[in-house]
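Per-entry structural report
Letter by letter, the chains look like this.
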Amino acid sequence: MKLDTSDAQICTDIEALTTGPDVELDHREEEELFVPPLNFAMVDIGIFRSGFPESANFSFLRSLDLRSIIYLCPEPYPESNSEFLKLNGIRLFQFGIEMCKEPFVNIPDEAIREALKIVLDVRNHPVLIHCKRGKHRTGCGVGCLRKLQRWCLSSIFDEYQRFAGAKARVSDQRFIELFDVSSLKNMPMTFTCLRR
């Protein structure tokens, strides 16, 4: 079938109406961007890890339907993040682990142990574990969880190094290796994501 010039003009006008710059802007404003935090990854069903979430990450975090956040830094949680947690019914568990670059400074194993108890309690799932960059403190926490899950040390260290990159610390890996999981072994290890 051959279109005459008036039909062709109508098609062009309709196309311009549905694809013009104003229409594209409206579609972009309607779409919600889901931007994960730095170093975001799934650890297990209902358990996630990342660096510090910024306001640009809130839509993404909302999509996870989080119940809890484990924050491994001593600094106070920013007001905007606290407000996000309050609006979304998310509990904050803070363990003020100082950042330690020194090779012989001890990471407080009791803080990691208490954080793991929260991770192991499925009533807190879905849960996000984070520090500043999601590398060292988070890496130690996840590494100790992996040890509890009976991963071999080489696999635990591979995962740690994947997130820490060139800044991997021997002291963190030593901490993971020496971490005693015996007091946590009697806790349930089934990670099933519970819905609210």
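On a predicted model such as this, the values are computed, not experimentally measured, just so you know. (Residues numbered from 1 in each chain as written. Predicted model: local features only at pLDDT ≥ 70, side-chain atom pairs only at ≥ 80, totals over all residues. Heavy atoms only, no water.)

**Details of empty space enclosed by the protein**
Applying the stated criterion to the full structure yields 2 cavities of 30 Å³ or more. A volume near 50 Å³ is recorded for the second largest cavity. Counting residues per element, the ones that place at least two in the lining of the second largest cavity are α5 (109–120) and α6 (136–148). The element best represented in the lining of the second largest cavity is α5, accounting for 4 residues. Tallied by class, residues from the lining of the second largest cavity come to 8 nonpolar, 1 polar and no charged. (1 Å grid on protein atoms, 1.4 Å probe; cavity = no way out; pocket = protein on both sides within 12 Å on 5 of 7 lines; lining within 4 Å. Points joined across faces, edges and corners; volume = space filled by probe spheres on them. Helix = DSSP H or I, 4+ residues; strand = E, 2+ residues; numbered from the N terminus. Nonpolar A, V, L, I, M, F, W, Y, C, P; charged D, E, K, R; others polar.)

**Considerations on the packing of α6 against helix α8 (residues 170–178)**
At a closest axis distance of 9 Å, the pairing of α6 and α8 adopts a crossing angle of 25°. Of the possible angle classes, the one that applies to α6 and α8 is roughly parallel. Considering only the axes of α6 and α8, their crossing is right-handed. Contacts between α6 and α8 pair H136, G139, C140, G143, C144 and K147 from the former with D172, F175, I176, E177 and L178 from the latter. When the residues that make up the contact of α6 with α8 are grouped by side-chain class, the tally is 5 nonpolar, 3 polar and 3 charged. (Axes fitted to C-alpha atoms, helices over the stretch in contact; angles between N-to-C directions. Parallel < 35°, antiparallel > 145°, perpendicular 65-115°, else oblique. Left-handed = near helix turned anticlockwise from the far one by under 90°. Contact = heavy atoms within 4.5 Å.)

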